[in-house]
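Reading the structure
Letter by letter, the chains look like this.
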Amino acid sequence: KQEVTQIPAALSVPEGENLVLNCSFTDSAIYNLQWFRQDPGKGLTSLLLIQSSQREQTSGRLNASLDKSSGRSTLYIAASQPGDSATYLCAVRPAGFQKLVFGTGTRLLVSP
Amino acid sequence: DAGVIQSPRHEVTEMGQEVTLRCKPISGHNSLFWYRQTMMRGLELLIYFNNNVPIDDSGMPEDRFSAKMPNASFSTLKIQPSEPRDSAVYFCASSPPTGGYRPAKNIQYFGAGTRLSVL
């Protein structure tokens, strides 16, 4: 059974810092991995999707990497801003399935 | 496009009552997913449909839960009878057909969720 873990559970940083969020999964047989952002009381917004054959994806100040063999992904946020404050979730799509298995999330607070 | 639309946004009901949550997926999407989010268990898939057909309902907690997708533009998740432990945020998501090798087609788009409180 695929299990997805995220560390840290919560992170508080001052504005401008570069930061890394971690995601690990137990079964390397995945189709892809997605990073989502969730604002309080809102739904999820997809940030980046990495196919199993890819090593990384970039979007603006965000960079996500994937090491499938070791079951790890990182989300790098450059020059953090207060508007980045949210909960970040990673989710893997197991090979052969359409469903997503979500991690526990990292709650990020960026203070001005 | 208006995105995935869920209703109601908030539902407060008493134990034993029937609850129906509704979802309208993005037009053209052929997969629809129902998730439940709680503090204790995080986000969990309950059931998903492909071309209106239930594919995997292994996440449905018990017989009190049922889901239907009568057509490509509408789905319901029903809880009967409801219990306090059903209190959670229920999300619906949809995704477009996955034919071909295009990463963007694998993305799931989420609605704003329905916050259910069973007293």
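Residues numbered from 1 in each chain as written. Chains lettered and ligands numbered in written order. Predicted model: local features only at pLDDT ≥ 70, side-chain atom pairs only at ≥ 80, totals over all residues. Heavy atoms only, no water.

Turning to the sheet that holds strand 3 (residues 19-24) of chain B, a few remarks are in order. Residues and elements named next belong to chain B. Pairing in this open sheet of four strands is antiparallel, and the strands run 1-3-8-7 from one edge to the other. The open sheet has two edge strands with one neighbour each: strand 1 (5-7) and strand 7 (65-71). Within this sheet the neighbouring strands show an average axis-to-axis angle of 15 degrees, counted without direction. Two strands pair when backbone bridges link them, and strand 3 and strand 8 (residues 74-79) are joined in this way by five bridges, in the antiparallel orientation. For Thr 20, the partnering residue across the bridge sits in strand 8 and is Lys 78. (Pairing = 2+ DSSP bridges. Helix = DSSP H or I, 4+ residues; strand = E, 2+ residues; numbered from the N terminus. Axes fitted to C-alpha atoms, helices over the stretch in contact; angles between N-to-C directions.)

Below, the discussion takes up the state of the cysteines. Residue and element names in this part refer to chain A. Evaluated as defined, the whole model comprises two disulfides over all chains. Each disulfide pairs two cysteine sulfurs, and for Cys 23 the partner residue is Cys 90, the sulfurs being separated by 2.0 Å. Measuring handedness by torsion sign, the sulfur bridge of Cys 23 and Cys 90 sits at about 70 degrees and is right-handed. With Cys 23 in strand 3 (residues 19-25) and Cys 90 in strand 9 (residues 86-94), this residue pair connects regions lying 67 residues apart in the sequence. (Disulfide = S-S within 2.5 Å.)

All names here are of chain B. On the secondary structure map, Ser 75 appears in strand 8. Residue classification places Ser 75 among the buried residues on the basis of a relative accessible area of 0%. A distance of 2.9 Å separates a polar atom in the side chain of Ser 75 from a polar atom in the side chain of Trp 34. If near-sequence neighbours (up to four positions away) are discounted, Ser 75 is found in contact with Leu 21, Arg 22, Cys 23, Leu 32, Trp 34, Phe 49, Lys 68 and Met 69. (Buried < 20%, exposed > 50% of the residue type's maximum accessible area, 1.4 Å probe, protein only. Polar contact = N/O pair within 3.5 Å; in protein donor to acceptor, adjacent residues only side chain to side chain. Contact = heavy atoms within 4.5 Å.)

Once that is clear, we can look at the interface of chain A and chain B. With 20 residues of chain A in contact, the opposing surface of chain B contributes 21 residues. Summed over both partners, the interface of chain A with chain B comes to about 1,700 Å²; 50% of that surface belongs to carbon and sulfur atoms. It is Gln98(A), Lys99(A) and Phe102(A) in chain A that bury the most area against chain B; as a group they hold 32% of the surface buried on that side. Our enumeration of links across chain A and chain B arrives at one salt bridge. Across the pair Asp56(B) and Lys99(A) runs a salt bridge whose closest N-O atoms are separated by 3.8 Å. Where chain A packs against chain B, one counts four residue pairs in polar contact (both at pLDDT 80 or more). Contributing elements (two or more residues each) for the side of chain A that touches chain B: strand 4 (30-38), strand 5 (44-51) and strand 9 of chain A. Per element, the largest residue contribution to the side of chain A that touches chain B is five residues, and it comes from strand 4 of chain A. Grouping the constituent residues of the side of chain A that touches chain B by class yields eight nonpolar, nine polar and three charged. (Buried area = accessible area lost by both parts, 1.4 Å probe. Salt bridge = Lys/Arg side-chain N within 4 Å of Asp/Glu carboxyl O. Nonpolar A, V, L, I, M, F, W, Y, C, P; charged D, E, K, R; others polar.)

With that out of the way, let us pick up the pattern of salt bridges. Here the structure, examined in full by the defined rule, presents ten salt bridges over all chains. Across the pair Asp39(A) and Arg37(A) runs a salt bridge, and its minimum N-O distance is 3.0 Å. With relative accessibility at 25%, the residue Asp39(A) sits in the partly exposed group. Classification of Arg37(A) by relative accessible area gives buried; the value is 17%. Sharing partners across several salt bridges, the network here consists of Glu62(B), Arg64(B), Glu83(B), Arg85(B) and Asp86(B).

Keep in mind these numbers describe shape, not what the thing actually does.
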